[in-house]
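A look at the structure
Spelled out, the chains give:
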Amino acid sequence: MPAAGRLGSGAALWLLLAARTVAAIDPISVSVALGAASVLTGLVTYTDLYCRFAECCPKKQRLNETALKLELEEKLFGQHLATEVILKALTGFTNNNNPRKPLTLSLHGWAGTGKNFVSQIVAENLHAKGLKSNFVHLFVSTLHFPHEQQTKLYQDQLQQWIRGNVSACASSVFIFDEMDKLHPGVIDAIKPFLDYYEQIDGVSYRKAIFIFLSNAGGDLITETALEFWRTGRKREDIQLKDMEHVLSVGVFNNKHSGLWRSRLIDRNLIDYFIPFLPLEYTHVKMCVRAEMRARGSAVDEDIVTRVADEMTFFPKDEKIYSDRGCKTVQSRLDFQ
Ligand SMILES: *[C@@H]1O[C@H](CO)[C@@H](O)[C@H](O)[C@H]1NC(C)=O
Ligand SMILES: *[C@@H]1O[C@H](CO)[C@@H](O)[C@H](O)[C@H]1NC(C)=O
């Protein structure tokens, strides 16, 4: 690419020379030629042109904070904590030219509460192609790391992949789905990369982002949400401090969290534990409406109610929270 970049400026130089030879004759063609030269050198370098068609690793992580905020507010329902923390964490991290460690987020909550959805939105806001980007990597425990007896192999593979991908693009994003199904110890292989090192073997990991998704801790989150509900306090008054500590301790002590006794936790290498609250009936309705709009159809409130009524709710007595969040909304809508 650099060689081709020089080709661009070489052409510009040629134009400048040509301009000089005609200078004596015609001042207008001089300015035309100079204009053309500045276009070649200034605006359309080969690299620009190349990156317009192929995907390039951004030199500086650019995040449109307004766009991310809008998208989260419009598409993620009932998650005031996640919205707030993710915005804050990502804006702070991408605005910092010299982060001291990579950003590490751990997202917790029951299925259907929006964890995957949020990681997809985050990926798209960092790399336009989102999950299809060459710089976004999704690992699914049951798919990529299924066998407990191969833990050592997985650890080596993970280290190799992360080293290779971060060498190619510093602002790579790694998403680990189904952390709760990851065999204990596998994730500790990436501890060195998450730590406060300036470089490891010549590679800096400080601009990378790691996102863990997990059902673990869902019970603790529900307990807190229920306690607020039962004591008549508003859901929106739940604060991160009501949950973050409980969550990190709970996950550390949970053998099926992927982070059981993990050094990532006891070395404080996870920057944020982000709780996803269980969704209520009104949130399910919001999901149905959003899905209808996404399909380009008018919102029909009868159908919205019918789909929401088909979902099952817990706990047994109060029936406040949807068992599967918004997870089955799409397929239920197909059958209306
Ligand atoms: C950021 O996003 C907002 C909302 O989508 C948009 O109006 C604005 O032009 C964007 N800014 C930049 C610099 O791309
Ligand atoms: C990047 O990660 C992917 C897995 O997402 C892996 O297949 C690939 O080999 C890695 N690239 C390098 C250069 O290590």
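Now for a look at the structure at hand. The structure presented is a predicted model; accordingly, all values stated were derived computationally and were not measured.

1. Concerning the packing of helix α4 (residues 65-75) against helix α5 (residues 80-95)
- Where α4 contacts α5, the axes come no closer than 11 Å and their chain directions differ by 165 degrees. Taken together, the axis directions place α4 and α5 in an arrangement best described as roughly antiparallel. When you trace α4 past α5, the crossing you get is right-handed. In contact with Glu-65, Leu-68, Lys-69 and Leu-72 of α4, α5 contributes Thr-83, Ile-86, Leu-87, Leu-90 and Thr-91.
- When grouped by side-chain class, the residues that make up the contact of α4 with α5 number five nonpolar, two polar and two charged.

2. A look at the packing of aromatic side chains
- The final tally for this structure, using the stated rule, is 10 aromatic pairs.
- Centre to centre, the rings of Phe-139 and Phe-145 are 6.0 Å apart; their planes meet at 45 degrees, and the pair counts as tilted. For the pair formed by Phe-139 and Phe-145, the shared burial category is buried.
- With centroids separated by 5.9 Å and ring planes inclined at 55 degrees, the aromatic side chains of Tyr-281 and Phe-313 adopt a geometry described as tilted. Highlighted residues: Tyr-281 in helix α13 (residues 281-294) and Phe-313 in strand β6 (residues 313-314), separated in sequence by 32 residues.
- Classification of Tyr-281 by relative accessible area gives partly exposed; the value is 29%.

3. Here's the deal with the site of ligand 2
- Neighbouring ligand 2 are His-137, Phe-139, Gln-160, Trp-161, Gly-164 and Asn-165.
- Side-chain polar atom of His-137 to an oxygen atom of ligand 2: 3.2 Å apart, as the coordinates give it.
- One of the side-chain N or O atoms of Asn-165 is found 2.3 Å from an oxygen atom in ligand 2.
- Contact with the protein chains removes 53% of the 360 Å² of surface that ligand 2 exposes when unbound.
- Elements supplying a minimum of two residues to the shell around ligand 2: β2 (136-140) and α8 (151-168).
- The biggest single contributor to the shell around ligand 2 is α8, with four residues.

4. Structural notes on the state of the cysteines
- Under the counting rule described, the total for this entry stands at three disulfides.
- Across a sulfur-sulfur distance of 2.1 Å, Cys-57 and Cys-169 are joined as a disulfide pair. Of note, the bridge from Cys-57 to Cys-169 carries an S-S torsion of about 75 degrees and is right-handed in sense. With Cys-57 in the loop between α3 (46-53) and α4 and Cys-169 in the loop between α8 and β3 (173-177), this residue pair connects regions lying 112 residues apart in the sequence.
- The disulfide partner of Cys-287 is Cys-326, and the S-S distance across this bridge is 1.9 Å. The sign of the S-S torsion, about 80 degrees, decides the handedness of the disulfide formed by Cys-287 and Cys-326: right-handed. Within this pair, whereas Cys-287 is found in helix α13, its partner Cys-326 is found in the loop between β7 (321-322) and α15 (329-334), the two being separated by 39 residues in sequence. The same class applies to Cys-287 and to Cys-326, which are both buried.

5. A closer look at the pattern of salt bridges
- Applying the stated criterion across every chain yields a total of 14 salt bridges.
- Sharing partners across several salt bridges, the network here consists of Lys-191, Asp-195 and Arg-267.

6. Thoughts on the layout of surface pockets
- By volume, the largest pocket is sized at about 780 Å³.
- Surrounding the largest pocket, 28 residues form its lining, Gly-112, Gly-114, Phe-117, Cys-326 and Gln-330 being those nearest its centre.
- Listed by contribution, the elements that provide at least two residues to the lining of the largest pocket are α4, α6 (115-126), β4 (209-214), α13 and α15.
- Class assignment for the residues of the lining of the largest pocket results in 11 nonpolar, seven polar and 10 charged.
- Each of domain 2 (65-275) and domain 3 (281-334) accounts for three or more of the residues forming the lining of the largest pocket.
- Counted as a void, the second largest pocket has a volume near 600 Å³.
- Taken together, 21 residues form the lining of the second largest pocket, with Cys-51, Cys-56, Cys-57, Pro-58 and Arg-62 sitting closest to its centre.
- Mapped onto the lining of the second largest pocket, the elements with two or more residues apiece are α3 and α6.
- Here the lining of the second largest pocket takes six residues from α3, the largest share from any one element.
- Here the lining of the second largest pocket is composed, by residue class, of 11 nonpolar, three polar and seven charged.

Scoring rules and cut-offs
Residues numbered from 1 in each chain as written. Chains lettered and ligands numbered in written order. Predicted model: local features only at pLDDT ≥ 70, side-chain atom pairs only at ≥ 80, totals over all residues. Heavy atoms only, no water. Axes fitted to C-alpha atoms, helices over the stretch in contact; angles between N-to-C directions. Helix = DSSP H or I, 4+ residues; strand = E, 2+ residues; numbered from the N terminus. Parallel < 35°, antiparallel > 145°, perpendicular 65-115°, else oblique. Left-handed = near helix turned anticlockwise from the far one by under 90°. Contact = heavy atoms within 4.5 Å. Nonpolar A, V, L, I, M, F, W, Y, C, P; charged D, E, K, R; others polar. Phe/Tyr/Trp six-rings, centres within 6.5 Å; stacked < 30°, edge-to-face > 60°. Buried < 20%, exposed > 50% of the residue type's maximum accessible area, 1.4 Å probe, protein only. Near = heavy atom within 4 Å. Polar contact = N/O pair within 3.5 Å; in protein donor to acceptor, adjacent residues only side chain to side chain. Areas by Shrake-Rupley, 256 points an atom, 1.4 Å probe, with all protein chains shown as cover. Disulfide = S-S within 2.5 Å. Salt bridge = Lys/Arg side-chain N within 4 Å of Asp/Glu carboxyl O. 1 Å grid on protein atoms, 1.4 Å probe; cavity = no way out; pocket = protein on both sides within 12 Å on 5 of 7 lines; lining within 4 Å. Points joined across faces, edges and corners; volume = space filled by probe spheres on them. Domains from an automatic or database assignment.

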